[in-house]
Amino acid sequence: YDKNIVPLLALMNVVAVSVLTLKDTEFFQRGLITLNIAFVEMGIRMTTDAHLPSVGYEIRLQRVLNEFFVVLMFLVLESSGVYVLRSY
């Protein structure tokens, strides 16, 4: 997982951050692309969770996946905040 899954997810997060280079008036496109990346990450998370053993605690891979997802949600909120401040 450390060699196959995590680098892919990190690259997807870099792509999501690069979406912020779009104009702030293009909030819909920025949010749409970022949320699409987030849903792909959730699909990867669900697939990997199916192959991981069921334990009573959160393993490191699950924590990393959660942090990547939270960062993407924060990017969408930040983008919407910039759009609202710019528009009004």
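The notes below deal with the structure included here. Remember, it's a predicted structure, so these values are computed and weren't measured experimentally. (Residues numbered from 1 in each chain as written. Predicted model: local features only at pLDDT ≥ 70, side-chain atom pairs only at ≥ 80, totals over all residues. Heavy atoms only, no water.)

### Describing the overall build of the protein
Phase 1 of the analysis: Helices and strands together make up the secondary structure of the protein, namely three helices and zero strands.
Phase 2 of the analysis: The N-to-C order of helical and strand elements in the protein reads α-α-α.
Phase 3 of the analysis: In terms of overall dimensions, the protein has C-alpha extents of about 50 × 25 × 15 Å along its principal axes.
Phase 4 of the analysis: Buried residues in the protein amount to 31% of all 88 residues.
Phase 5 of the analysis: Long-range contacts, defined here as pairs at least 24 residues apart, represent 72% of the contacts in the protein between residues at least 6 apart.
Phase 6 of the analysis: Per element, the accessible surface of the protein, about 6000 Å² overall, is 68% carbon and sulfur. (Helix = DSSP H or I, 4+ residues; strand = E, 2+ residues; numbered from the N terminus. Buried < 20%, exposed > 50% of the residue type's maximum accessible area, 1.4 Å probe, protein only. Contact = heavy atoms within 4.5 Å. Areas by Shrake-Rupley, 256 points an atom, 1.4 Å probe, with all protein chains shown as cover.)

### Looking at helix α1 (residues 5–18)
Phase 1 of the analysis: Between the first and last C-alpha of α1 there are 20 Å, a value that for 14 residues agrees with the 20 Å anticipated at 1.5 Å per step.
Phase 2 of the analysis: Turning to α1, its buried residues number three or more, namely I5, V6, L9, M12, N13 and A16. The arc that holds the buried residues of α1, viewed along the axis, is 125°, so those residues lie on one side. With respect to the buried face of α1, the exposed residues turned more than 90 degrees away are L11 and V14.
Phase 3 of the analysis: Buried residues belonging to α1 abut α2 (27–51) and α3 (60–87). (Expected span 1.5 Å × (residues − 1). Arc of directions from axis to C-beta.)

### Regarding the packing of aromatic side chains
Within a pair of aromatic rings, the relevant descriptors are the distance that separates the centres and the angle that separates the planes.
Phase 1 of the analysis: Per the stated rule, a full pass over the model turns up one aromatic pair.
Phase 2 of the analysis: The interplanar angle of 20° and the centroid separation of 5.5 Å between the aromatic rings of F27 and Y83 together place this pair among those described as stacked. Of this pair, F27 sits in helix α2 while Y83 sits in helix α3, and the two are 56 residues apart along the sequence.
Phase 3 of the analysis: What makes Y83 partly exposed here is its relative accessible area of 31%. (Phe/Tyr/Trp six-rings, centres within 6.5 Å; stacked < 30°, edge-to-face > 60°.)

### Thoughts on the packing of α1 against α2
Phase 1 of the analysis: At their nearest, the axes of α1 and α2 sit 10 Å apart, and the two run at 165° to each other. As summarised for this structure, α1 and α2 are arranged roughly antiparallel, according to the angle between their axes. Remark: the crossing between α1 and α2 carries left-handed chirality. Facing I5, L8, L9, M12, N13, V15 and A16 of α1, the residues of α2 in contact are T34, I37, V40, E41, I44 and T48.
Phase 2 of the analysis: Split by residue class, the contact of α1 with α2 holds nine nonpolar, three polar and one charged. (Axes fitted to C-alpha atoms, helices over the stretch in contact; angles between N-to-C directions. Parallel < 35°, antiparallel > 145°, perpendicular 65-115°, else oblique. Left-handed = near helix turned anticlockwise from the far one by under 90°. Nonpolar A, V, L, I, M, F, W, Y, C, P; charged D, E, K, R; others polar.)

### Here we look at a nonpolar patch on the surface
Phase 1 of the analysis: Together, L11, V14 and V15 make up an exposed nonpolar region whose accessible area comes to about 260 Å².
Phase 2 of the analysis: With respect to the secondary-structure elements, V15 resides in helix α1. (Patch = residues over 30% accessible without salt bridge, like charges linked within 9 Å, V, L, I, M, F, W, Y side chains within 5 Å. Salt bridge = Lys/Arg side-chain N within 4 Å of Asp/Glu carboxyl O.)

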